[in-house]
Amino acid sequence: PHSVLENQVAVITGGGSGIGKSIVQRFLEAGASCLAADLNEDSLNALKDEFAAYGDKLDVMKVDVSNRAAVEDMVDHAVGTFGKMDIIVNNAGIMDNLLPIAEMDDDVWERLMKVNLNSVMYGTRKAVRYFLERGEGGVIINTASLSGLCAGRGGCAYTASKFAVVGLTKNVAFMYADTGIRCNAICPGNTQTNIGVGMRQPSERGMAKATTGYAGATRSGTPEEISAAALFLASDQAGFINGETLTIDGGWSAY
Ligand code: NAD
């Protein structure tokens, strides 16, 4: 099981922190070469230090995933550095202060759509074009959220962006199933990462409503509990899983 990704090349966005960082670690442990992309250069430098034992098998790149050209360069860079790309994990994302629609301005909506949704479209489109040209299939994993399946875990923009990620994931899976491309989404529940660190004053209404939803959660998850699912979906063990959303929430959504 420790070499399920031997000779595989993976690109992971948001790889400097939280769930993305844990995915990078698991993929390296499983034998893959990884390009970790993130907006935060400090976290990428720290990642390089922490995983120095993997040498050239880990490359890092500063990328703003809301920028189409930057995302396309990222894939080109991985192919240039490692000779190919087999797996892309479109994972980077941000939150929205739990804003209900009446409290949300256009800037928040546009930022959330750019960072959480356009990014996934850019990465997936570039990967699919590359995979089709290569003719050997490939794996796409998108980090959606429980907020991509239920209404009560985020603000309006965050929830809408993650539902859209789920729709994009299913459409891509449907359209390209006959080409050996698999496209799945992971839907974490509340997970211990840095995503809330930058959160300013959350909406009072949003927080009160979300707290009702939180009643069903027994605990938050760890990034390792989420990355285990990503490793499974990336591996050949999941070869017949396509267009699926894998919820990882300790039973929260069953409430
Ligand atoms: P995190 O903040 O710890 O990590 C996210 C990383 O993405 C950070 O390193 C950040 O620098 C990077 N990033 C943000 N904007 C970027 C941009 N424009 N370009 C490139 N990189 C950018 O948070 P996390 O919880 O690990 O989040 C990863 C994904 O998991 C997100 O898509 C998030 O929506 C999703 N998610 C998180 C939770 C949770 O409870 N933590 C639950 C469900 C889904």
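Here the structure is shown first, and the text comes after it.
Because the structure is a prediction, the values reported are computed rather than measured.

Even after reading the chapter, I still don't get the nonpolar core, so can you show me in this structure?
Nonpolar side chains in soluble globular proteins tend to be buried together. Met 74, Met 85, Ile 88 and Ile 140 are the most contacted members of the largest nonpolar core, which totals 35 residues. Those elements giving two or more residues to this core turn out to be β1 (9-13), β2 (33-38), α3 (68-82), α4 (106-134), α5 (156-176) and β6 (181-188). Top element by residues in this core is α4. It accounts for eight residues. Aside from chain neighbours lying at most four places away, what touches Ile 140 is Ile 88, Asn 90, Thr 124, Ala 127, Val 128, Phe 131, Val 172, Ile 181, Arg 182, Cys 183 and Asn 184.

What is the right way to look at the site of the ligand in this model?
Residues in contact with the ligand amount to 27 residues; listed here are only the nearest, Ser 17, Asp 38, Tyr 158, Thr 191 and Thr 193. Between the ligand and the protein, one listed contact pairs an oxygen atom with a backbone N or O atom of Ile 19 at 2.8 Å. The contact in question runs from an oxygen atom of the ligand to an N or O atom on the backbone of Gly 189, over 3.5 Å. About the coverage of the ligand: the protein hides 92% of its 830 Å² of free accessible area. Taken together, the elements giving at least two residues each to the shell around the ligand come down to α1 (18-29) and α5.

Explain the sheet that holds strand β4 (residues 87-90) to me, please; I cannot follow it from the model alone.
Through backbone hydrogen bonds, the strands of a sheet pair up, either in parallel or in antiparallel fashion. Taken in spatial order, the seven strands make up an open sheet running β3-β2-β1-β4-β5-β6-β7, and their pairing is parallel. At either end of the open sheet lies a strand with only one pairing partner, and these are β3 (58-62) and β7 (245-248). Neighbour-to-neighbour, the strand axes of the sheet open up by a mean angle of 15 degrees, direction not taken into account. Alignment of β1 against β4, held across three bridges, turns out to be parallel. Paired with Ile 12 across the strands is Val 89, a residue of β4. Along the sheet, α4 contacts β4, β5 (138-143) and β6; its crossing angle with β5, the most-contacted strand, is approximately 175 degrees. Against the sheet, helix α7 (residues 223-234) makes contact with β4, β5, β6 and β7, and its axis sits at roughly 170 degrees relative to β6, the strand it touches most.

Can you help me understand the pairing of β3 in this one?
Each regular strand displays side chains that alternate between the two surfaces of the sheet. Pairing geometry for β2 and β3, over five bridges, is parallel. Residue pairing for β3: Leu 35 is matched across the bridge by Asp 59. Note on the crossover from β2 through helix α2 (residues 41-50) to β3: the handedness is right-handed.

Honestly, the pairing of β5 in this entry has me stumped. Any pointers?
The buried fraction of β5 amounts to six of the six residues, a majority that puts the element mostly inside the structure. Every second residue of β5 is oriented toward a common face, with Gly 138, Ile 140 and Asn 142 on one face and Val 139, Ile 141 and Thr 143 on the other, all of them buried. Two elements, β4 and β5, share four bridges in a ladder whose sense is parallel. Looking at β5, one finds that Asn 90 is bridged to Asn 142. Between the parallel pair β4 and β5, the chain is carried across by α4, and the sense of this crossover is right-handed. Here β5 pairs with β6 via six bridges, running parallel. When the bridges of β6 are listed, Ile 140 appears paired with Cys 183. In this fold, the crossover linking β5 to β6 by way of α5 has right-handed handedness.

Where do I start with unusual backbone geometry in this structure?
Both trends apply: most residues other than glycine have a negative phi, and most peptide bonds are in trans. The phi torsion at Asn 7 lies on the positive side, around 65 degrees, for a residue other than glycine. One non-glycine residue, Asn 97, adopts positive backbone phi at about 60 degrees.

Would you explain the packing of aromatic side chains in this entry?
Two aromatic rings, taken as a pair, are described by how far apart their centres are and by the angle between their planes. Under the criterion given, the structure shown has two aromatic pairs. Pairing Phe 51 with Tyr 54 gives two aromatic rings, centres 6.4 Å apart and planes at 70 degrees, and the pair type is edge-to-face. Taking the relative accessible area as the measure of exposure, Phe 51 reaches 6% and is therefore buried. Look at Tyr 54 and you get partly exposed, because its relative accessible area is 28%. Pairing Tyr 130 with Phe 131 gives two aromatic rings, centres 5.8 Å apart and planes at 55 degrees, and the pair type is tilted. With respect to class, Tyr 130 is no different from Phe 131; both count as buried. The lysine or arginine in question, Arg 153, covers the ring of Trp 252, its NZ or CZ lying 4.6 Å from the ring centre.

Cut-offs and rules
- Residues numbered from 1 in each chain as written.
- Predicted model: local features only at pLDDT ≥ 70, side-chain atom pairs only at ≥ 80, totals over all residues.
- Heavy atoms only, no water.
- Core = buried A, V, L, I, M, F, W, Y, C linked by side-chain atoms within 4.5 Å.
- Buried < 20%, exposed > 50% of the residue type's maximum accessible area, 1.4 Å probe, protein only.
- Helix = DSSP H or I, 4+ residues; strand = E, 2+ residues; numbered from the N terminus.
- Contact = heavy atoms within 4.5 Å.
- Near = heavy atom within 4 Å.
- Polar contact = N/O pair within 3.5 Å; in protein donor to acceptor, adjacent residues only side chain to side chain.
- Areas by Shrake-Rupley, 256 points an atom, 1.4 Å probe, with all protein chains shown as cover.
- Pairing = 2+ DSSP bridges.
- Axes fitted to C-alpha atoms, helices over the stretch in contact; angles between N-to-C directions.
- Right-handed = clockwise from strand over helix to strand, strands pointing away.
- Phe/Tyr/Trp six-rings, centres within 6.5 Å; stacked < 30°, edge-to-face > 60°.
- Lys NZ or Arg CZ within 6 Å of the ring centre and 35° of its normal.

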